[in-house]
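Structural features, examined
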Amino acid sequence: FILNYSIMWIVQWLMMSYPDTIVPALLTPAMTSGSQDWFIVTQSTILHAGYEWWKAFDQIIGTAADCWHSNNSAGNWLQVQLPEAKIITNITLRTRDDIPMYIRWWSSYVLAGSNDWTNWTTIDTFYDSTAGQSNTEFSHDVSSDTAYLYYRMTFTQNGSYCAVSECTLLWY
């Protein structure tokens, strides 16, 4: 939580101090609902009230209940809508902080981008063989030179549910 804010302030200071230089920006706001200012988050499913999709972007780490938790179905996804098309350079995901049988980690996820919410382009697939560890962060560099307005992460669960404690995006 403190690290995310520190990085965000440093990146924002760099962008203001050097506006003619392309500096990646961590601009994921601390969410308190499905939309925060210009950043909108949607999801495929939730298990029940209390495990809302925006909790994966609230910048709070530390409790088992503070996460997005899907229902029992395949192909669960989290999606973000940006105010303008951006190029994502990194995604960091954190597993749920819980005992092993309730972590609900993913075994892989597909990152896709779209500019019309209808036609999706697969950008990359990421595999996390050790994602079954509690409260563990996984960072993935994204190699794409195409800017998109919408980004979707579709998860392959390790079991029937999926939970994401925290997600941060780095883009320019």
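Residues numbered from 1 in each chain as written. Predicted model: local features only at pLDDT ≥ 70, side-chain atom pairs only at ≥ 80, totals over all residues. Heavy atoms only, no water.

1. Quick look at the side chain of arginine 94
- Looking at where arginine 94 falls in the secondary structure, it is placed in strand S5 (residues 88-94).
- Setting aside chain neighbours within four positions, we find arginine 94 in contact with Ile61, Trp106, Asn135, Thr136, Glu137, Val164, Ser165 and Glu166. (Helix = DSSP H or I, 4+ residues; strand = E, 2+ residues; numbered from the N terminus. Contact = heavy atoms within 4.5 Å.)

2. What to know about the pattern of salt bridges
- In total, this model carries two salt bridges according to the counting rule given.
- In this structure, glutamate 84 engages lysine 86 in a salt bridge whose closest nitrogen and oxygen atoms are separated by 3.8 Å.
- The exposure class of glutamate 84 is partly exposed, given its relative accessible area of 47%.
- Notably, a salt bridge pairs arginine 94 with glutamate 137, separated by 3.1 Å at the nearest N-O pair. Residue arginine 94 is located in strand S5, and its partner glutamate 137 is located in strand S8 (residues 137-141); the two are separated by 43 residues in the primary sequence.
- Judged by relative accessible area, which is 14%, arginine 94 ranks as buried. (Salt bridge = Lys/Arg side-chain N within 4 Å of Asp/Glu carboxyl O. Buried < 20%, exposed > 50% of the residue type's maximum accessible area, 1.4 Å probe, protein only.)

3. Concerning the confidence of the model for the protein chain
- Confidence in the prediction of the protein chain, expressed as mean pLDDT, is 79, and 78% of residues score 70 or more.
- Every residue in residues 1-5 scores below 50 in pLDDT, and together they form eight contacts with partners more than four places removed in sequence or on other chains.
- With pLDDT under 50 throughout, residues 20-25 is counted as low confidence; its partners more than four residues away or in other chains account for 14 contacts. (pLDDT = per-residue confidence, 0-100.)

4. So, the packing of aromatic side chains
- In the structure shown here, the tally under the stated rule is four aromatic pairs.
- Here tyrosine 109 and phenylalanine 155 contribute two aromatic rings whose centre-to-centre distance is 5.6 Å and whose plane-to-plane angle is 40 degrees, an arrangement assigned as tilted. You can see tyrosine 109 sitting in strand S6 (residues 106-114) and its partner phenylalanine 155 sitting in strand S9 (residues 148-157), a full 46 residues away along the chain.
- By relative accessible area, phenylalanine 155 is classed as buried at 2%.
- An aromatic cluster is built from Trp68, Tyr109, Phe126 and Phe155, whose rings are joined through pairwise contacts. (Phe/Tyr/Trp six-rings, centres within 6.5 Å; stacked < 30°, edge-to-face > 60°.)

5. Side note on the environment of lysine 86
- For lysine 86, the location among the structural elements is in strand S4 (residues 77-86).
- In sequence terms lysine 86 and tyrosine 148 are 62 residues apart; their C-alpha atoms lie 5.5 Å from each other.
- Setting aside residues no more than four positions away along its own chain, lysine 86 makes contact with Thr146, Ala147, Tyr148, Tyr151, Trp171 and Tyr172.

6. A short note on the state of the cysteines
- The full count for this structure, using the stated rule, is zero disulfides.
- Cysteine 67 carries a free sulfur, and the closest cysteine sulfur to it, the one in cysteine 162, is 9.4 Å from it. (Disulfide = S-S within 2.5 Å.)

7. Re the sheet that holds S5
- Strands sit in the order S8-S5-S11 across an open sheet of three strands; the sheet is antiparallel. Looking along the sheet, the strands with just one partner apiece sit at the ends: S8 and strand S11 (166-171). In this sheet, adjacent strand axes meet at a mean angle of 15 degrees when their direction is disregarded.
- Across five bridges, the pairing between S5 and S8 is antiparallel. (Pairing = 2+ DSSP bridges. Axes fitted to C-alpha atoms, helices over the stretch in contact; angles between N-to-C directions.)

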